[in-house]
Amino acid sequence: MSVQLRTLLFYLSNVSNCNREMAEILMLDCQFLVRAVCDSPLVSNLPPSSFRSSSQLSNSHGPGFAKLNRREGAGGWSPLTSDRYQWLEVDLGGRTQITAVATQGRYGSSDWLTAYLLMFSDTGHNWKQYRQEDSIGAFPGNSNADSVVQYKLQQPVIARFLRLIPLDWNPSGRIGLRLETYGCPYTSDVASFDGSGGGLLYRLSRGPRQTSREIISLKFKTLRNSGILLHVEGQGGLSLTLELERGKLLLLLRQENKLPGRSLTSETQRLVSLGSLLDDQHWHHVAVEQLSAHLNLTVDKNTHVGTLHNLGSHKPVVSKRNFHGCLENLFYNGLNLIDLAKHNDHQATVMGNVTFSCAEPVSVAVTFTGPQSFLRLPGATASSSGGVSVELQFRTWNKAGLLLTFDLPQQGGVAWLYLSEARLRLQIHRAGSGLNDGQWHWVELNSRRARLTITVDKEEGGTAQASPSFPVTAGRHLFFGGCPAEADGQECRNPFNVFQGCMRLLTLDKQPVDLIMVQQRLLGNYSQLQIDMCGIIDRCSPNHCEHGGSCSQSWTVFHCNCSDSGYSGATCHSSVYEQSCEAYKHRGNTSGHYYIDVDGSGPIRPQLIYCNMTEEKTWMVIQHNNTELTRVRPSPGGNQHSAHFDYSAEEEQLLAVISQSDHCEQDLSYHCRKSRLLNTPEGSPFSWWLGGPGPGRLQTYWGGAQPGSQQCACGLQGTCVDPQHYCNCDADRMEWANDSGLLTHKETLPVRSLVLGDIQRPGSEAAYRVGPLRCHGDKNFWNAAFFDKETSYLHFPTFHGELSADISFLFKTTASSGVFLENLGIKDFIRIELSSSTEVVFSFDVGNGPLEVRVESGAPLNDNRWHRVRAERNVREASLRLDELPAATQEAPADGHFHLQLNSQLFIGGTASRQKGFRGCIRSLQLNGVTLDLEERAKITPGVRPGCPGHCSSYGSLCQNQGRCVERASGFYCDCSLSAYTGAFCHREISASFKSGTSVSYTFKEPYELSRNSSALPSSIYSDMTLRGENISLSFRSSQSPALLLYVSSYYREYLALLINKHGEQSRTYKLDSSREAEVLRSRVRSLANGQLHTVNTADWDPDLARLASLGFTGCLSVVHFNSISPLKAALFFPDSSPVVITGPLARSNCGSSAPADPYAAENTHHLLGNRGGGGQESRSGLQIQIETCFFGMHHWQDSVLQVQKGVNLG
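So, how was this worked out
Residues numbered from 1 in each chain as written. Predicted model: local features only at pLDDT ≥ 70, side-chain atom pairs only at ≥ 80, totals over all residues. Heavy atoms only, no water. Helix = DSSP H or I, 4+ residues; strand = E, 2+ residues; numbered from the N terminus. Buried < 20%, exposed > 50% of the residue type's maximum accessible area, 1.4 Å probe, protein only. Areas by Shrake-Rupley, 256 points an atom, 1.4 Å probe, with all protein chains shown as cover. Phe/Tyr/Trp six-rings, centres within 6.5 Å; stacked < 30°, edge-to-face > 60°. Lys NZ or Arg CZ within 6 Å of the ring centre and 35° of its normal. UniProt positions renumbered as here; feature names shortened; annotations may be inferred. Core = buried A, V, L, I, M, F, W, Y, C linked by side-chain atoms within 4.5 Å. Contact = heavy atoms within 4.5 Å. Pairing = 2+ DSSP bridges. Polar contact = N/O pair within 3.5 Å; in protein donor to acceptor, adjacent residues only side chain to side chain. Disulfide = S-S within 2.5 Å. Salt bridge = Lys/Arg side-chain N within 4 Å of Asp/Glu carboxyl O. Axes fitted to C-alpha atoms, helices over the stretch in contact; angles between N-to-C directions.

Peer 1: Explanation requested: the overall build of the protein chain in the structure shown.
Peer 2: For the protein chain, the helix and strand inventory stands at 11 helices and 80 strands. Going through the 1211 residues of the protein chain one by one, you find that 47% of them count as buried. For the protein chain, the exposed area adds up to about 60700 Å²; of that, 50% sits on carbon and sulfur atoms.

Peer 1: What is the right way to look at the packing of aromatic side chains in this model?
Peer 2: Under the defined criterion, the tally for this structure stands at 22 aromatic pairs. Ring centres 4.7 Å apart and planes at 45° place the aromatic pair F811 and F820 in the tilted group. Both residues of the pair, F811 and F820, count as buried. By the ring-pair criterion, three or more aromatic residues cluster together here, those being Y116, F120, Y130, F139 and Y151. A cation sits over an aromatic face here: R923 above F781, 4.9 Å from the ring centre.

Peer 1: Any chance you could explain the UniProt feature "domain: EGF-like" (unreviewed entry) in the protein chain here in plain terms?
Peer 2: Annotation from UniProt places "domain: EGF-like" (unreviewed entry) at residues 536-573 and 949-987. In residues 536-573, helix accounts for 0% and strand for 26%; the two terminal C-alpha atoms are 27 Å from one another. The span residues 949-987 is 10% helical and 31% strand by assignment, and the distance between its end C-alpha atoms comes to 25 Å.

Peer 1: Looking at this model, I keep getting lost on the nonpolar core. Mind explaining?
Peer 2: Side chains that are nonpolar tend, in soluble globular proteins, to be buried together. By size, the foremost hydrophobic cluster in this structure holds 67 residues, and its most contacted members are I596, Y670, W702 and L773. The contacts of L773, once residues within four sequence positions are left out, are M620, V621, I622, Y647, L654, I658, C664, E665, Q666, L749 and P750. If you look at the next biggest cluster of nonpolar residues, it comprises 39 residues, including F799, V869, L880 and L927.

Peer 1: Is there a simple way to explain the pairing of strand 66 (residues 991-994) in this structure?
Peer 2: Note on strand geometry: in a regular strand, side chains alternate between the two faces of the sheet. Two strands pair when backbone bridges link them, and strand 66 and strand 74 (residues 1115-1122) are joined in this way by four bridges, in the antiparallel orientation. Across the sheet, F994 pairs through a bridge with G1115, a residue of strand 74. Pairing of strand 66 with strand 76 (residues 1146-1149) involves four bridges; the strand directions are antiparallel. For F994, the partnering residue across the bridge sits in strand 76 and is L1146.

Peer 1: What is the right way to read the environment of W689 from this model?
Peer 2: Tracing the backbone through its elements, the reader meets W689 in strand 42 (residues 688-691). Along the chain, W689 and S753 lie 64 residues apart, while their C-alpha atoms are 5.6 Å from each other. Leave out the neighbours within four places in its chain, and W689 touches L668, R697, L698, Q699, Y701, W702, L743, T748, V751, S753 and L754. For W689, the side chain forms a polar contact with the main-chain oxygen of Y701, separated by 2.6 Å.

Peer 1: How do you make sense of helix 4 (residues 651-660) when you look at a structure like this?
Peer 2: Residues that lie three or four places apart on an α-helix share one face, since the helix turns once every 3.6 residues. Every buried residue belonging to helix 4 is among Q653, L654, A656, V657, I658 and Q660, and all of these are buried. Among the structural elements, strand 37 (607-613), strand 38 (618-622), strand 41 (663-673), strand 45 (751-756) and strand 47 (773-776) are those in contact with the buried residues of helix 4.

Peer 1: Teacher, can you tell me more about the state of the cysteines here?
Peer 2: Disulfides are covalent bonds that connect the sulfur atoms of two cysteines. Overall, the coordinates contain 13 disulfides when judged by the stated rule. Two residues, C664 and C775, share a disulfide whose sulfurs are 2.0 Å apart. Between C664 and C775, the S-S dihedral sits near 110°, and the bridge is therefore right-handed. Taken together, the residues C664 in strand 41 and C775 in strand 47 connect sequence positions 111 residues apart. You can call C775 buried: its relative accessible area is 0%. One disulfide bridge connects C672 with C729, the sulfur atoms lying 1.9 Å from each other. Taking the torsion about the S-S bond as the criterion, the C672 to C729 disulfide, at about -95°, is left-handed. Placement of the pair is C672 in strand 41 and C729 in the loop between helix 5 (713-717) and strand 44 (737-743), with a sequence separation of 57 residues. We note that C672, like C729, is buried.

Peer 1: Please explain the pattern of salt bridges as it appears in this structure.
Peer 2: Charged atoms that come close allow side chains of opposite charge to pair. One pass over the full model with this rule turns up 32 salt bridges. Across the pair E89 and R52 runs a salt bridge whose closest N-O atoms are separated by 2.9 Å. Of this pair, E89 sits in strand 4 (residues 88-104) while R52 sits in strand 3 (residues 51-53), placing them 37 residues apart in sequence. For E89, a relative accessible area of 4% gives the class buried. Under the relative-accessibility criterion, R52 is labelled partly exposed at 43%. When the shortest N-O distance is used, the salt bridge between D758 and R676 registers 2.9 Å. With D758 in the loop between strand 45 and strand 46 (765-770) and R676 in the loop between strand 41 and strand 42, this residue pair connects regions lying 82 residues apart in the sequence.

Peer 1: Explain the pairing of strand 14 (residues 238-245) here, please?
Peer 2: For strand 14, a buried count of seven out of eight residues is recorded, marking the element as mostly surrounded by other parts of the structure. Across six bridges, strand 13 (residues 227-234) lies against strand 14 in antiparallel orientation. Directly across from G227, in strand 14, lies its bridge partner L244. Between the antiparallel neighbours strand 13 and strand 14 lie three residues, among them G236 with a positive phi of about 70°. Taking the residues between adjacent antiparallel strands as the criterion, strand 14 and strand 15 (residues 248-257) are bridged by two residues, where R246 takes a positive phi near 50°.

Peer 1: Please clarify how unusual backbone geometry should be interpreted in this entry.
Peer 2: What is expected of a backbone is that most residues other than glycine have negative phi and most peptide bonds are trans. L749 connects to P750 through a cis peptide bond whose omega is 0°. Tracing the backbone through its elements, the reader meets P750 in the loop between strand 44 and strand 45. Backbone geometry at C572 places phi at a positive 55°, although glycine is not the residue there. Its place among the elements puts C572 in the loop between strand 34 (567-568) and strand 35 (574-575). On the basis of relative accessible area, C572 is assigned to the buried category, the value being 0%. The backbone of Q962 shows a phi angle near 65°, a positive value even though the residue is not glycine. Topologically, Q962 is positioned in the loop between helix 7 (952-955) and strand 62 (964-968).

Peer 1: When you look at the sheet that holds strand 49 (residues 794-796) in this model, what are you seeing that I'm missing?
Peer 2: Adjacent strands of a sheet pair through backbone hydrogen bonds, lying either parallel or antiparallel. The strand order 49-58-51-52-53-54 describes an open sheet built from six strands, whose pairing is antiparallel. Only two strands of the sheet have a single partner each, and these edge strands are strand 49 and strand 54 (851-856). Ignoring which end each strand starts from, the neighbouring axes of this sheet average 15° apart. Pairing geometry for strand 52 (residues 829-836) and strand 53 (residues 839-845), over seven bridges, is antiparallel. The partner of E833 across the bridge, within strand 53, is V841.

Structure, rendered in structure tokens:
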């Protein structure tokens, strides 16, 4: 079956009135022909009036300067704010064929786009986004400000207006753009139909048919979703209708039959339905092609291929609605039918109201793209009736969603209009509200017949009544809002605050007050009023409170409630937490849980993280949901076991911690018994894991090996139990084995999930463990540069802190002045400087004139120690904090400028004029939470050196108890090797509990004996043993007396002992010469063996010591120190490598805590005054004790500091 066309009827639904003269035509392919060359520049010669934009940073950054390779103005267009709501629009003057777009950054700046969207329009409204193949909408942008990136459109676009919307831009700059478009002029023939019944009728010429191929092509646009576009009648009662129905295009076939003696019957069937949302007022291309029995319909890029022999079974409802819209380039076998009609060709007839131009109604739509989309419009004004009238059209694919909501200020409620299960619903909620909500409230005060009545908001408000014992009448005057400054105290008194707000509809004695007469001074009097207006301002719209802070306001200012947000300041901008465990450590904090805000004032929320602060490293430990050794149990029907790990930190926080840390690691172990792990590198792995950002990437190596190696640690080290395999578990033995190690490649961390594949065989057993993520080092905290000349500086891209800007850094210097930071605009600027040796100044200008915030230090700042500066500027105030001094603030003008507009480079350590430069170190410089890489820039900048040593001068005081501060390139650490304490700051006491049979012996060797038996020189441990005196300290707690606490002896039978005698007194016995009697010093304090906390300080030190030692010691001993040796620390921490002998049970304990065992016990300090037992002679001056053994194993909790000086005459 074929349709031999005889009549084409366009845009006329009443087809019964058509002339049905038979004719045949020659069909030619008339697809739109694109010119071979269509690449002329379209923008370069346009006048400035052809450019528009959402905003502009300044007049010199206007859209008219956005021409490719031009340098006028500021070298291109930049908007006031860099966000995704900005756009640049170009009017090409007429509909044009566009084939390519080129972009370029703003000249001489750090401002360029890295991605953007293209929008096109014929009218400057109703924009349509250009999409590439696969619906990709984003275009790649530039990588610098000067190079040109050109993109050829895959499908040419016909439009008059072009709009470019930035998606992303240089993170170190702002939006900056110059552009060009390429193409050629476009001409077309257009007809417009108003839906009243007009149309075009085309009659085919008579003549023989020369081809079986017929084609009709056109473009249309409309706002109506239904209407007949085309009706074609052929021979044998067949006809085709192209109809728009509910935004889709239908191709209908109609068969009319006329049998003898019967009435005319017809049957209509749908051949195809194609397209969707075609009533969007954009041009859509349509082609209908018949080739013998085949009939193809193309709508835009989609084509349906069908046949007339295979008709569909649909029974469509034929629309009687006329088409209302425009048609362009209507071709029938190569004939331009609109052009024929315009020139009154005899084959083309214009019927009804048809015009040969496209008159388009302006219809502005808005798209809600995601869960955070919204549109806010002002409600009814004060002069309106108070009602609400809203009309809208919407379209959506979702069954549910909010369409409209608004407050009911008079009722204190809210109304919602929304979709639910694809049905429209309206809900109204009523609730009370305060009277300072910015809404109009009605108040009435009446005093009649000894009754006083006050009513608020009539129906929704309340009424209060009172019956005073005297009549309430008004005096000569009533005062509203306050009192005159010169008022008589008897006439007007105001013990309250003055009223700030608006009043209207005043009535006195039921008569309205004519406020215009008041304004004309014809009635009453007034001062400082604005009449005939209400000047109330909503200072919380837009909401300047960041990070979830809630906004409230008074008449003149807004306030941000930052409670529970983790941020502080006038706009909740600055984080109250440090950005790493490293930063907490350098504030003197020890191990524990801390809130970490990895990006400071940035968008990532604070996270509670455990900080493990050891002597040399500070670890950030991030747990996940399963860090224990987990047994793998086979599941029925499954050949694999998989585990997913959820971390306590959110994704952004996790990746930021990994990025800013020097080193990260995660323990990964597999315990196996006849359960293979990875297989050989040539084979497919049995197990794998996913690690890295997002869901992670597939990893086939194990802990301790290299990425991509498909090996375990033993394979890398050559220590596997089976040399033919690269993992112990791959040996597939019946004995238990394991493969364990650390994953240290940050790009593969953290471990997201784990899949184990060889667990189902008989006899297979396995267990795995994925440890917590552990990271140490903070690349941002120690990033520093040293400026050795006043003329040296570092420069960075322009700082963008239009509404909120926070700057923090540390500095140290010996100079008395210098500029830390400066960034200039055309008029605006921002600067932080050391103005004198005791003062830091933060100055800026946002268009209201220069402002300064100063902080004065009571001590010199040029002391070559680190000092911290924190400056913040927002729409409310500017603040400056120096070290831990109170912050200085400067309020911003209530109604002044508040956008900080900068356009020059950011200078660090100097200025553009190379004057007043800073000499010294700047470290950890952060702007709005982003750390500037000073070290990397310093490597290529003369006069500036990366890094800055000398941290112990500032942080050395953190090292306690003889701990030694050790410098590092990035930071410091406390060396506790010479201290009896341990911990990050040598602050944790080392204590042990002693039983009656416990003792520790530490043996010192003679220096000459060492030299005789070894070629090595004596170590410092032993070289310190021959002195004129010894320093001994220890602490004890005990209830035992007598007890021997400490015994030190030499090769020459000299000794020193510390003990508690039977009376509970502390005493020292010493014998410094074997030829002399022992001497005894006793404390005058008794009852030391009472379990309380005692502190003993002694100055220098028998018999029956062996018997006393045999009793042993029961109690607690802590922080034992003998010169540079810590015997108890050696026994507890290094028993295998130290010259110690431990007898009996020795257990580390916290019994040495300064908190007493008895919470009510007092801490006592005692001094031995040199009382001597026995009549010993004076010690020989200069006598040296050669120490052999230090023996202790006894204790009472008491801080005893023993300074024993041999060779000094005591008593």
